[in-house]
Amino acid sequence: MTAVRVEVDTSRCCGAGMCALTVPEVFDQSEDEGTVVLLDPRPPAGLRPAVREAVRLCPCGTITVRETGPDA
Amino acid sequence: MEQAAPTTYTTVRDGIFHPPPHIRELRAHAPLARMTFADGHLGWLATGYAVSRAVLADPRFSARGELKHPPVPRAGEPEQPPSAPPGIFIQHDNPEHQRYRRLLVGQFTVRRMRLLTDWIEKVTESHLDEMERLGPPADLFEHFALPLPSLVISEMLGVPYADRERFQHDTAVWSSFNADLDELAQAFGDLTTYLHALVGRKRSAPEDDILSGLMAADPELTDEELTSIAYLLLVAGHETTANQLALGVLALLTNPDQLAALRADPSLTENAVEELLRYLSIVHHGPTRAALEDVEIDGQVIRKGEVVMVSLTAANRDPERFENPELLDVTRSATSHLGFGHGAHQCLGQQLARIELRVGLTALLRRFPALRLAVPPGEVRLRHDMQVYGVYELPVTW
């Protein structure tokens, strides 16, 4: 399994909350602006399918996932 | 390829639940097709899932009201659409849109909405008590589907629920395709005057609500902006959820196998809520977007100034995205539906709506194990002539 690195571009975030709804272990929303807060940039293998789903569901293209090589 | 004649759009659905009849063929052959708008503008109609998402996510398409054309005829349509006043953020582009949105999204986060769950459950149960007292039979729309979200958004905003007859009436007129210009102006004026006065009262006596919170968060916000924001949230907060809830109940009552599946396994409710959002797609037409420059999309060039209407109901039935899209299936994974739109303007209140729908459906089915329609399905009056689809009444018995 390939390890991944999650990145978020907060300037694009519209606070829809789909990421926090889909993978609360990895994404949260800030209290004041409701924009994405990345809790875990290197999610474990079990959460990666859900992270990819969050990428698809995000209406603003805020989240990217990069493959960083084999799992340690 | 020979250019097909431009299509037009209708909000009259096929039967109760299906998109207008010509949509299926159109989507199969031309997911982005030329369309004649109600004022004669030659624009575009997006019916495919992928192209709809692409349009809504692309900042080269504008949401500004003054650039748009009306997709369907409306009795009270002004000749020239006005530019949106400050605060009507659904008709602004970034950065103006984002300024308002950022002030609000913190109030509608997943976490904050979950904190409201207990309270929404109490509100739900008290309305079910009332409905149970009144019937059977009873009108589920009037006594349950409408008052639940109406009370919730009023309390959150800080609008006295005792004034509901007034704002429910004005928003209903505002949503109707049949209201003429005078009626529209009167409803809009009434509600704006009411909310403006309310904003003034909150300024002098702030309370624990969104309107007071906005004033504290950004002292620069004018009364006009706050009135606009209150207007948007109030209208969007109850018309939509009320109709989605009532129409969702009708869909379940007329699909007994799906109702039985949900009753047998209530843990399917969250899933069922997403599927009902996909299947019903209650926003009749729109969102519409105007091209700010020439944009090539799906092999076609949309010229600067041309308007695209996205048919969410068509996109949500695209077989390229959803298997057997015409079937209601509460077990399918439907969360990627476009029922809340897509892009920077995707529904601000969607996490609130999800909870209201989940709590509302769960409690309703638990309370009335023998819930059924009190009239034949064909006699339920449908909102083909309103901006948001749904039912005028839903007579049920138990």
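Structure: see above.
Note that the structure is a prediction, hence the values are computed from the model and not measured. (Residues numbered from 1 in each chain as written. Chains lettered and ligands numbered in written order. Predicted model: local features only at pLDDT ≥ 70, side-chain atom pairs only at ≥ 80, totals over all residues. Heavy atoms only, no water.)

(A) Structural view of the interface of chain B and chain A. Contacts between the two partners involve 21 residues from chain B, matched on the other side by 24 residues from chain A. Buried area between chain B and chain A, both sides added, is near 1,800 Å², and the carbon and sulfur share of it is 44%. Connecting chain B to chain A are 3 salt bridges. A salt bridge links Glu 31 of chain A to Arg 112 of chain B; the nearest nitrogen and oxygen atoms lie 3.4 Å apart. Elements supplying a minimum of two residues to the side of chain B that touches chain A: helix H2 (49–57), helix H3 (96–105), helix H4 (110–115) and helix H15 (350–367) of chain B. A per-class count over the side of chain B that touches chain A returns 4 nonpolar, 10 polar and 7 charged. (Contact = heavy atoms within 4.5 Å. Buried area = accessible area lost by both parts, 1.4 Å probe. Salt bridge = Lys/Arg side-chain N within 4 Å of Asp/Glu carboxyl O. Helix = DSSP H or I, 4+ residues; strand = E, 2+ residues; numbered from the N terminus. Nonpolar A, V, L, I, M, F, W, Y, C, P; charged D, E, K, R; others polar.)

(B) Geometry of the pattern of salt bridges. Residue and element names in this part refer to chain B. Applying the stated criterion across every chain, the model contains 27 salt bridges over all chains. A salt bridge links Glu 306 to Arg 34; the nearest nitrogen and oxygen atoms lie 3.2 Å apart. Of this pair, Glu 306 sits in the loop between strand E7 (300–302) and strand E8 (307–310) while Arg 34 sits in strand E1 (residues 32–36), placing them 272 residues apart in sequence. Ionic pairing is found between Glu 125 and Arg 366, a salt bridge with its closest N-O pair at 3.2 Å. Separated by 241 residues along the polypeptide, Glu 125 in helix H5 (residues 117–134) and Arg 366 in helix H15 bring together distant segments of the chain.

(C) Region of interest: the packing of aromatic side chains. All names here are of chain B. Overall, the coordinates contain 6 aromatic pairs over all chains when judged by the stated rule. Centroid distance Phe 17 to Tyr 279: 5.8 Å. Interplanar angle 35°. Geometry classified as tilted. Here Tyr 279 lies in helix H13 (residues 269–280) and Phe 17 lies in the segment before helix H1 (23–29), a separation of 262 residues in the sequence. We note that Phe 17, like Tyr 279, is buried. The interplanar angle of 85° and the centroid separation of 5.8 Å between the aromatic rings of Tyr 49 and Phe 322 together place this pair among those described as edge-to-face. (Phe/Tyr/Trp six-rings, centres within 6.5 Å; stacked < 30°, edge-to-face > 60°. Buried < 20%, exposed > 50% of the residue type's maximum accessible area, 1.4 Å probe, protein only.)

(D) Main features of the sheet that holds E8 of chain B. Residues and elements named next belong to chain B. If you walk across this open sheet you meet the 5 strands as E1-E2-E8-E5-E3, and the pairing is mixed. Every other strand in the sheet has two partners, leaving E1 and strand E3 (61–62) as the edge strands with one partner each. Examined bridge by bridge, E3 and strand E5 (residues 288–291) share 2 bridges and lie antiparallel to one another. In the strand pairing of E5, Phe 61 is matched with Ala 291. (Pairing = 2+ DSSP bridges.)

(E) Looking closely at the packing of helix H11 (residues 223–253) of chain B against H15 of chain B. Residue and element names in this part refer to chain B. It is at 10 Å that the axes of H11 and H15 come closest, and there the two elements cross at 40°. Overall, the two elements H11 and H15 adopt an arrangement that is oblique. Here the hand of the crossing between H11 and H15 comes out right-handed. Here Thr 241, Gln 244, Leu 245, Val 249 and Leu 252 of H11 come into contact with H15, specifically with Ala 353, Glu 356, Leu 357, Leu 361 and Leu 364. A breakdown of the residues in the contact of H11 with H15 according to their chemical character gives 7 nonpolar, 2 polar and 1 charged. (Axes fitted to C-alpha atoms, helices over the stretch in contact; angles between N-to-C directions. Parallel < 35°, antiparallel > 145°, perpendicular 65-115°, else oblique. Left-handed = near helix turned anticlockwise from the far one by under 90°.)

(F) Broad picture of the state of the cysteines. Residues and elements named next belong to chain A. The final tally for this structure, using the stated rule, is 1 disulfide over all chains. One disulfide bridge connects Cys 14 with Cys 60, the sulfur atoms lying 2.4 Å from each other. Every disulfide takes its handedness from the sign of the S-S torsion; for Cys 14 and Cys 60 that torsion is 100°, giving right-handed. Taken together, the residues span a long stretch of sequence, with Cys 14 in the loop between strand E1 (2–8) and helix H1 (18–22) and Cys 60 in the loop between helix H2 (48–57) and strand E4 (63–70) at a distance of 46 residues. A disulfide-free cysteine, Cys 58 has its sulfur positioned 5.5 Å from the sulfur of Cys 60, the nearest such atom. Take Cys 58: its relative accessible area is 13%, and that puts it in the buried class. (Disulfide = S-S within 2.5 Å.)

(G) Local environment of the packing of H11 of chain B against H13 of chain B. Residue and element names in this part refer to chain B. Running from amino to carboxyl end, H11 crosses H13 at an angle of 95°, the nearest separation of the two axes being 10 Å. Put simply, H11 runs roughly perpendicular to H13. On H13, the residues touching Gln 244, Leu 247, Gly 248, Ala 251 and Leu 252 of H11 are Leu 276, Leu 277 and Leu 280. Of the residues contributing to the contact of H11 with H13, the split by class is 6 nonpolar, 2 polar and no charged.

(H) How the structure looks around the side chain of His 238 of chain B. All names here are of chain B. With respect to the element layout, His 238 can be found in helix H11. For His 238, a relative accessible area of 1% gives the class buried. Contacts of His 238, omitting those with residues within four sequence positions, involve Leu 146, Pro 149, Ser 150, Ile 153, Phe 167, Gln 168 and Thr 171.

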